[in-house]
Amino acid sequence: MKVKKFLIAAIAVLLALLASCGTTGTPGSSTEGDGSGSPGTSGVSSGSSDTDDSPLYVADYLPTPDLKGLEFNILNIDKNQTQLILEFAPDASSDNIISAALYKRNNIIQNRYNMVFVEDVGGNYKDLDTKFSQIISSGETKYSLVTMIQRYAFAKAMSGYCVLVDDLPNLDVTQPWYVQDVNEQFSIAGVKVFAYSDECINLFEQTMCILYNKNIVNNSQNLVDPYDLVKAGTWTVDKFLEQARLGTQDIDGYEPINDNDIIGIVGTQDFLYPTFWIGAGLNSVKKNDDGVPSFKTATDEKFITLMDKILEYVKMDGVFFDLWVDTPAVYQYPDPGESARMIFENDHALYTITVVSDIMQHNKMKSDFGIAPAPKLDETQESYKSRVIDGWLKVVPNTNKDLFTTSLIMEALAVESKNYVYGPYYKQALQGRYTRDDEGKSNEMLDLIFNTRTQDLGDTAWKSSVSTIFMSCFARKSATFASDAARYEDEINYNIKKEVKKITSGELGGKKS
């Protein structure tokens, strides 16, 4: 199905509604930097305030050409095929605050450049992957951007089908509307493959967090509120695991402990274990000083020691309940993730490890819950690290013949999303509506999670060959992390080296930073 949407002038009601959404201190309205707005600086406008509609961020290095009514075509996912916020061109009549913010952002850009966004719906994520291949093979030049899930986008980039960041002239990835730590992971051998900006709201939606049942915490003499531990800098893996053990309760008197009792940590395998090692600042695929990645985890003592420690608790009755492995007695749903949500929501787990977007799903939970980041390895770790499991990208196909205009619009989308979209999403939809009134503690934790987002190439680009090794060990409850990693090391590094060679040779485009 194809839907063509021409966006018209913004209506005054929506403008008034969104005028006050960029409150200082939220991710949508940071005030760091010197205010110049030139490349290499913060891009902050010093003249904005909370009471007017002027932008807080200005990319004043961008030109403002008259595009003479240009149709800027984007192939996007069908919004009915995902629960994430991936809508691009909503109708003017929408009363959803996020849709209204997107509509406003788009109109600002359209009016500035005398152009119009045209959104074509391309089905689900697999359909988009197929259609992207068809675009390349046919040489079709219609689409300036195509929305793609990260792992598929990376594969297409390695096949030479995507335009890399360094070949897009109007992008300045040093600006505050780019997610620096995540983008650094995708800078390989000095070549920027992808660049996430605040246009990609779902990058935050797909960031991992820990939810905890406040009632269980408050009713126990042995448990401590994780918020207090985070603030004290003592929210560590050891503390988290031991609190999970202490929070486990056998309610019905039958073994083993399951979802009829109180579990320590509930979740699915792909959510659980990589969140630990990435939160601990340990990557399964590391880069050397030249930015060249490799897989040498078999001899990474810190990494293997952490895996062994977690496995000790996995083997304890009721501390972990992995819905990919463990069978629930009560909350049986076709989707293991839904089972995990229901177990936590009905007070049968102290903790759940999940994505930020799932916070909204717990709006009807009777018990209060709190939010925390993944724990640090130990108290010497400088900062918390928040794992991003995925992020949909606006990919430029190599059939695109106007990279100047495409990159101009991409940069405008990035800065105006930070100005007008992220504030309403973060403050009103996520914080104000879907988290409990807890004196701002949940908001504070979400700020921390937002500002510490990162990824591991072994959990994203090479997930199918790397992180699955360790998840398999946990599923089998087998302490063979080092030997299993060693068994596949040569094969994995061979494949990594092939792709690095493509990148460094210039075969895929781009340039070293």
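Described below are features of the structure shown in this document. Keep in mind the model is a prediction, meaning the values are calculated, not measured.

Quick look at the nonpolar core
One broad rule of soluble globular proteins: the nonpolar side chains tend to lie buried together.
Part 1: Judged by nonpolar contacts, the single largest core of 126 residues is most densely connected at Phe204, Ile310 and Phe320.
Part 2: Element by element, the count of residues in this core is highest for helix α11 (residues 301–314), at 8 residues.
Part 3: Apart from the residues within four sequence positions on either side, Phe320 is in contact with Leu241, Ile263, Ile265, Leu272, Tyr273, Phe276, Ile310, Tyr313, Val314 and Asp326.
Part 4: Core analysis: the next-biggest nonpolar cluster, separate from the first, contains 29 residues, Leu171, Val173, Leu408 and Met410 among them.

Regarding the sheet that holds strand β12 (residues 369–372)
Part 1: If you walk across this open sheet you meet the 5 strands as β10-β7-β11-β6-β12, and the pairing is mixed. In this open sheet, the two edge strands, each paired with only one partner strand, are β10 (320–322) and β12. Averaged over neighbouring strand pairs, the angle between their axes works out to 25° when direction is ignored.
Part 2: Relative to β12, strand β6 (residues 208–213) runs antiparallel, the two being bridged by 4 bridges. Bridging across to β12, Tyr212 finds its partner in Gly370.
Part 3: Lying over the sheet, helix α9 (residues 237–247) contacts β6, β7 (263–267), β10 and β11 (349–355), oriented at roughly 135° with respect to β11.

Some thoughts on the packing of aromatic side chains
How two aromatic rings sit relative to each other is given by the distance of their centres and the angle of their planes.
Part 1: This structure, assessed with the given rule, holds 24 aromatic pairs.
Part 2: Summarising the aromatic geometry, the rings of Phe154 and Trp462 are spaced 5.6 Å apart at their centres and angled 80° between planes, so their arrangement reads as edge-to-face. Here Trp462 lies in the loop between β15 (453–454) and α16 (467–476) and Phe154 lies in helix α4 (residues 150–158), a separation of 308 residues in the sequence.
Part 3: Owing to a relative accessible area of 7%, Trp462 belongs among the buried residues under this scheme.
Part 4: Their ring planes at 35° and their centres at 5.8 Å tell us that Tyr273 and Phe320 sit as a pair that is tilted.

Quick word on the pattern of salt bridges
Part 1: As enumerated under the stated definition, the model contains 20 salt bridges in all.
Part 2: The salt bridge involving Lys394 is made with Glu199; its shortest N-O contact spans 3.0 Å. Residue Lys394 is located in strand β14 (residues 393–395), and its partner Glu199 is located in the loop between β5 (191–192) and α6 (202–205); the two are separated by 195 residues in the primary sequence.
Part 3: A relative accessible area of 17% means that Lys394 is categorised as buried.
Part 4: Using a relative accessible area of 15% as the deciding quantity, one classes Glu199 as buried.
Part 5: Of the charged contacts in the structure, one is a salt bridge between Arg487 and Asp484, with a shortest N-O distance of 3.0 Å. You can see Arg487 and its partner Asp484 sitting in helix α17 (residues 481–505), 3 residues apart, about one turn around the helix.
Part 6: Classification of Arg487 by relative accessible area gives exposed; the value is 55%.

Overview of helix α3 (residues 125–138)
Part 1: The end-to-end C-alpha separation of α3 is 20 Å, in line with the 20 Å expected for 14 residues at 1.5 Å each.
Part 2: Where α3 is buried, its residues meet β1 (70–76), β3 (143–148), α4 and β14.

Points about the side chain of Asp172
Part 1: Looking at the secondary structure, you find Asp172 in the loop between α4 and α5 (180–185).
Part 2: Despite its burial, Asp172 remains without a salt bridge, the nearest opposite charge being carried by Lys192 at 8.2 Å.
Part 3: Of note is the side chain of Asp172, whose polar atom sits 2.7 Å from the side chain of Thr174.

What to know about the pairing of strand β2 (residues 115–121)
Part 1: In terms of burial, β2 is largely enclosed, as 7 of its 7 residues are buried.
Part 2: Along β2, one buried face is formed by Met115, Phe117, Glu119 and Val121 and the opposite face, lined by Val116, Val118 and Asp120, is buried too.
Part 3: Two strands pair when backbone bridges link them, and β1 and β2 are joined in this way by 7 bridges, in the parallel orientation. Bridge assignment links Asn73 to a residue of β2, and that residue is Val118.

Remarks on the packing of helix α10 (residues 269–279) against α16
Part 1: Packing of α10 against α16 brings their axes to within 10 Å, and their N-to-C directions diverge by 110°. In terms of axis orientation, α10 runs roughly perpendicular to α16. Regarding α10 and α16, the two cross each other, and that crossing is right-handed. Of α16, the residues touching α10 (which contributes Gln269, Asp270, Tyr273, Pro274 and Trp277) are Ser467, Phe470, Met471, Ser472, Phe474 and Ala475.

What to know about the sheet that holds β3
Part 1: Sheet architecture is open: 4 strands sit in the order β2-β1-β3-β14, paired in mixed fashion. Every other strand in the sheet has two partners, leaving β2 and β14 as the edge strands with one partner each. Within this sheet the neighbouring strands show an average axis-to-axis angle of 25°, counted without direction.
Part 2: Seen against the sheet, α4 touches β3 and β14 and runs at an angle of roughly 130° to β3.

Here we look at the packing of α10 against α11
Part 1: One can describe the packing of α10 onto α11 by two numbers: an axis separation of 11 Å at closest approach and a directional angle of 140°. Of the possible angle classes, the one that applies to α10 and α11 is oblique. The interaxial crossing formed by α10 with α11 has right-handed handedness. Between α10, through Tyr273, Phe276 and Trp277, and α11, the contact on the second element is made entirely by Phe303, Leu306, Met307, Ile310 and Val314.
Part 2: Considering only residue class, the contact of α10 with α11 consists of 8 nonpolar, no polar and no charged.

How each quantity is defined
Residue positions are given per chain, counting from 1 as you read along its sequence in written order. Where totals are concerned, whole chains, interfaces and linings use all residues; where local detail is concerned, this predicted model gives features only for residues with pLDDT of at least 70, and gives and counts side-chain atom pairs only at 80 or more. For side-chain calculations, the full set of non-hydrogen atoms in the structure is used, while hydrogens and water are omitted. What is meant by a nonpolar core is a set of buried Ala, Val, Leu, Ile, Met, Phe, Trp, Tyr and Cys residues, joined one to another through side-chain atoms within 4.5 Å. Each residue is assigned to one of three classes by its accessible area relative to the maximum for its type, calculated with a 1.4 Å probe on protein chains only: buried under 20%, partly exposed between the two thresholds, exposed over 50%. Strands here mean DSSP runs of E at least two residues long; helices mean DSSP runs of H or I at least four residues long; both are numbered from the N terminus. Only heavy atoms matter for contacts: two residues are in contact if any of them lie within 4.5 Å across the pair. DSSP-based pairing: two strands are paired if at least 2 bridges between them are found. Here an axis means a line fitted to C-alpha atoms, over the contact stretch when the element is a helix, while the angle between two N-to-C directions is reported on a 0 to 180 degree scale. Side-chain rings of Phe, Tyr and Trp, where Trp is taken by its six-membered ring, are said to pair if the distance between their centres is within 6.5 Å; with planes under 30 degrees apart they count as stacked, over 60 as edge-to-face, and otherwise as tilted. What counts as a salt bridge is simple: a side-chain nitrogen of Lys or Arg found within 4 Å of a carboxyl oxygen of Asp or Glu. A helix is expected to reach a length of 1.5 Å times the quantity of its residues less one. Only four residue types enter the tally: Lys and Arg on the positive side, Asp and Glu on the negative side, with His and both chain ends excluded. Any pair of N or O atoms that falls within 3.5 Å is considered a polar contact. Within protein, one atom must be able to donate a hydrogen and the other to accept it, and sequence-neighbouring residues count only if both atoms are side-chain atoms. Comment on the angle field: the value is read as roughly parallel under 35 degrees, roughly antiparallel over 145, roughly perpendicular from 65 to 115, and oblique elsewhere. Note on convention: the crossing is left-handed when the near helix lies turned anticlockwise from the far helix by less than a right angle, right-handed when the turn is clockwise. Residue type decides the class: Asp, Glu, Lys and Arg count as charged, Ala, Val, Leu, Ile, Met, Phe, Trp, Tyr, Cys and Pro as nonpolar, and the leftover types, Gly among them, as polar.

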